[in-house]
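Here's the letter readout for the chains.
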Amino acid sequence: MAPDEAQQRGTYLDHAIRLAVQNVSDGGGPFGAVVVTPDGRIHEGVNRVTRDNDPTAHAEVVAIRRAALEIASFDLSGSVLYASCEPCPLCLSAALWARIGHIYYAADRQGAARAGFDDALFYEYFDGARPTLLPVDHTPRTTSEDPFDAWRNDAERTDY
């Protein structure tokens, strides 16, 4: 890795960490993130779960939402996500759906667990070790495929 690249990575990670610390001062959770889009713009996010009563308002998701809104595209290909902490499964999924090109994070999940944010149970669930955590059952209906038929037949659709 080139020194400039390492320095730039550190600068963005430090920015995400500062956002997280400030968010704690503002009454939010200790998480911050920035998405840097290919045009060089920085899109910030902080954890807003308790502030907005939104369990999906994690810092990474907030930053992804802002980036997509500001560039007017759901496709963030070529963008980089910098997070103050290792992204949880929700945030990883959001980054995948947004087509983020790379993620860098500062603190790891063990550090988050020591602060009371233990996602280990979720990782176990997705690994198949805790299926009873959230039972999910396939319940087919005769109309189950109707939304997909409507989608395939819509010539005006925007593929994603």
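Residues numbered from 1 in each chain as written. Predicted model: local features only at pLDDT ≥ 70, side-chain atom pairs only at ≥ 80, totals over all residues. Heavy atoms only, no water.

1. Quick notes on the UniProt feature "domain: CMP/dCMP-type deaminase" (unreviewed entry) in the chain
For clarity, the threshold we go by: UniProt positions are given in the numbering used here, feature names are shortened, and annotations may be inferred rather than shown by experiment. Each helix is a run of DSSP H or I of at least 4 residues and each strand a run of E of at least 2, with the numbering of both proceeding from the N terminus.
Taking the UniProt record as the reference, the feature "domain: CMP/dCMP-type deaminase" (unreviewed entry) is found at residues 7-120. Across residues 7-120 one finds 46% helix and 19% strand; the C-alpha atoms that close the span lie 31 Å apart.

2. Thoughts on the sheet that holds strand S4 (residues 102-107)
Using the following cut-off: Two strands make a pair as long as DSSP finds a minimum of two bridges between them. Working convention: axes come from line fits to C-alpha atoms, limited for helices to the stretch in contact. Angles between N-to-C directions cover 0 to 180 degrees. We call two residues in contact when some of their heavy atoms are within 4.5 Å.
Spatially, four strands are ordered S2-S1-S3-S4 in an open sheet, and the strand pairing comes out mixed. Either end of the sheet is taken by a strand with one partner, and the two such strands are strand S2 (42-46) and S4. In this sheet, neighbouring strand axes are inclined to one another by 15° on average, regardless of whether the strands run parallel or antiparallel. Across the sheet, helix H1 (residues 3-25) is in contact with strand S1 (32-36), S2, strand S3 (80-85) and S4; its angle to S1 comes to roughly 140°. Running at roughly 145° to S2, helix H3 (residues 59-71) makes contact with S1, S2 and S3 of the sheet.

3. Overview of unusual backbone geometry
The backbone phi angle of Asn53 is positive, close to 50°, even though this residue is not glycine. In this fold, Asn53 is placed in the loop between helix H2 (49-52) and H3. In the Ramachandran plot, Arg99 falls in the positive-phi region, its phi being about 65° despite a non-glycine side chain. Checked against the element boundaries, Arg99 lands in the loop between helix H4 (89-98) and S4.

4. Quick look at the packing of H3 against H4
Where we set the bar: Under this scheme an angle from 65 to 115 degrees is roughly perpendicular, one under 35 degrees roughly parallel, and one over 145 degrees roughly antiparallel; angles in between are oblique. Helix crossings are classified by the rotation of the near helix relative to the far one: an anticlockwise turn of less than a right angle makes the crossing left-handed, while a clockwise turn makes it right-handed. Gly is put with the polar residues, along with every residue not named as nonpolar or charged; the nonpolar set is Ala, Val, Leu, Ile, Met, Phe, Trp, Tyr, Cys and Pro, and the charged set is Asp, Glu, Lys and Arg.
With their axes 8 Å apart at the nearest point, H3 and H4 run at an angle of 20° to one another. In terms of their interaxial angle, H3 and H4 are classed as roughly parallel. Judged by the sense of rotation from one axis to the other, the crossing of H3 with H4 is left-handed. Contact residues: Glu60, Val61 and Ile64 in H3; Leu90, Cys91, Ala94, Ala95 and Ala98 in H4. Class assignment of the residues belonging to the contact of H3 with H4 gives a composition of seven nonpolar, no polar and one charged.

5. Observations regarding the nonpolar core
Keep this limit in mind: Take the buried Ala, Val, Leu, Ile, Met, Phe, Trp, Tyr and Cys residues and link them wherever side-chain atoms come within 4.5 Å; each set so joined is a nonpolar core. A simple rule labels every residue: compare its accessible area, found with a 1.4 Å probe on the protein chains alone, to the largest value its type can have, and call it buried under 20%, exposed over 50%, or partly exposed in between.
Residues Val35, Ile64, Leu76, Leu81 and Ile100 are the most contacted members of the largest nonpolar core, which totals 19 residues. Those elements that provide at least two residues to this core are S1, H3, S3 and H4. For this core, the element with the highest residue contribution is H3, accounting for six residues. Those residues in contact with Leu76 that sit more than four places away from it in its chain are Ile64, Ala67, Ala68, Ile71, Ala98, Arg99 and Ile100. Counting residues in each nonpolar core, the second largest holds nine residues, with Leu13, Val34, Val36 and Val80 among its members.

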